[in-house]
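Residue strings, one per chain:
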Amino acid sequence: MRNLPDDASRRADGLDLGAELASLRHRHRLSGQELASRAGMSQSKISRIETGTIAPGPDDIEAIVRALGEPDDVVLQFRQAAERIGSGAAPIIDPRPYIGRFQPEYLEHEAAALVVRFFQPALIPGLLQTSEYAQAIIVRFCELFDIDYLVDGADAVALRMERQKILYDEKRTFHFVLLESVLSYPVAAPAAMIAQIDRIRALATNRPNITIAFIPDGTELVVPPSGSMEIFDENRVLSETPMTIVSHQDPDEVQILLRIFAEFASKATTEIDPILDRHRRAYIEKIVSEQR
């Protein structure tokens, strides 16, 4: 969690702590209403704590974590984190990562937004991924962090697929701007990469509420594509690193990130068939060469 001054620090840390609680709830497969009933709170209060709308008090945090059935050492850790927020110090949450820890945050904001914009320089975004592509990514992270895929990884894949249902809600529009290089990064086996390319083409062709554009390799960019971002309407932006997400809600920050997104979009093309065809042929050729 970030070290920020005074009130800004407490707001940011409250959001981070809320996201940790939301992720913990999803691991226990509880709805917000079920947790609220167990903890003796309203569902709306649980929601406000998880989204960082209100600062979580130590007693509330302890009640929530106990209601989730966590052991005393975990309860204490979360309570101390809430106390640190109240004192202005950065909270400390168990740094051991688990796969899919940020998905509840994305799921909530995607469900609330009518216009969602994505920029992704490294991987196919989760909302566009096939299950095979998602599984390949998550298996890699499980191996990196010594996580049991069957315990946590499989659920993360299932939740990622669940998130994709929102793509079929035609009241919402989605704009994806991707670097072409995401197609050449062999996350999965060649056959799975071909299936991933076919899914991108199908969504771009058949879903009128989805726009997918690629920035061709070699394009000169004014802004270095240093990380991914997802913009919800014009109210909030989530940017992600391997270990955390940063939520930008300040109107001036959001406007800057919207301008950056627009700059990337201006360099992208929606005539994606030639790009997809080129990478699809490359994976076919790889399969053929491996069979010789």
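Use the structure listed above.
The rules behind these values
- Residues numbered from 1 in each chain as written.
- Predicted model: local features only at pLDDT ≥ 70, side-chain atom pairs only at ≥ 80, totals over all residues.
- Heavy atoms only, no water.
- Core = buried A, V, L, I, M, F, W, Y, C linked by side-chain atoms within 4.5 Å.
- Buried < 20%, exposed > 50% of the residue type's maximum accessible area, 1.4 Å probe, protein only.
- Helix = DSSP H or I, 4+ residues; strand = E, 2+ residues; numbered from the N terminus.
- Contact = heavy atoms within 4.5 Å.
- Pairing = 2+ DSSP bridges.
- Axes fitted to C-alpha atoms, helices over the stretch in contact; angles between N-to-C directions.
- Phe/Tyr/Trp six-rings, centres within 6.5 Å; stacked < 30°, edge-to-face > 60°.

### Topic: the nonpolar core
Phase 1: Phe 174, Phe 176, Leu 183, Ile 200, Ile 212 and Phe 214 are the most contacted members of the largest nonpolar core, which has 35 residues in total.
Phase 2: Broken down by element, the residue count for this core peaks at 6 residues, all from helix α10 (residues 190–206).
Phase 3: Sequence-distant contacts of Phe 214, that is, excluding residues within four places in its chain, are made with Leu 178, Leu 179, Glu 180, Val 182, Leu 183, Ile 200, Lys 267, Ala 268, Thr 269, Ile 272, Ile 275 and Leu 276.
Phase 4: Within the second largest apolar cluster, 21 residues are counted, among which are Ala 39, Ile 46, Ile 49 and Val 75.

### Quick look at the sheet that holds strand β6 (residues 245–248)
Phase 1: Within the open sheet, the 6 strands sit side by side as β3-β2-β1-β4-β5-β6. Their pairing is mixed. In the strand order of this sheet, the two ends are held by β3 (210–215) and β6, each with one partner. For this sheet the average axis-to-axis angle between neighbouring strands, irrespective of direction, equals 15°.
Phase 2: Pairing of strand β5 (residues 236–240) with β6, which is carried by 4 bridges, proceeds in the antiparallel orientation. Looking at the pairing, Val 237 lines up with His 248 of β6.

### Regarding the packing of aromatic side chains
Phase 1: As enumerated under the stated definition, the model contains 2 aromatic pairs in all.
Phase 2: Seen from their ring centres, Phe 118 and Phe 176 are 4.3 Å apart, and the 10° between their planes marks the pair as stacked. Taken together, the residues Phe 118 in strand β1 (residues 115–120) and Phe 176 in strand β2 (residues 173–179) connect sequence positions 58 residues apart.
Phase 3: For Phe 118, a relative accessible area of 4% translates into the label buried.
Phase 4: Among the residues examined, Phe 176 registers a relative accessible area of 1% and is labelled buried.
Phase 5: A ring pair is formed by Phe 119 and Phe 264, whose centres lie 4.0 Å apart and whose planes are at 10°; its orientation type is stacked. With a gap of 145 residues between them, Phe 119 in strand β1 and Phe 264 in helix α11 (residues 251–266) connect regions that are remote in the sequence. As far as burial versus exposure is concerned, Phe 119 and Phe 264 are alike and both buried.

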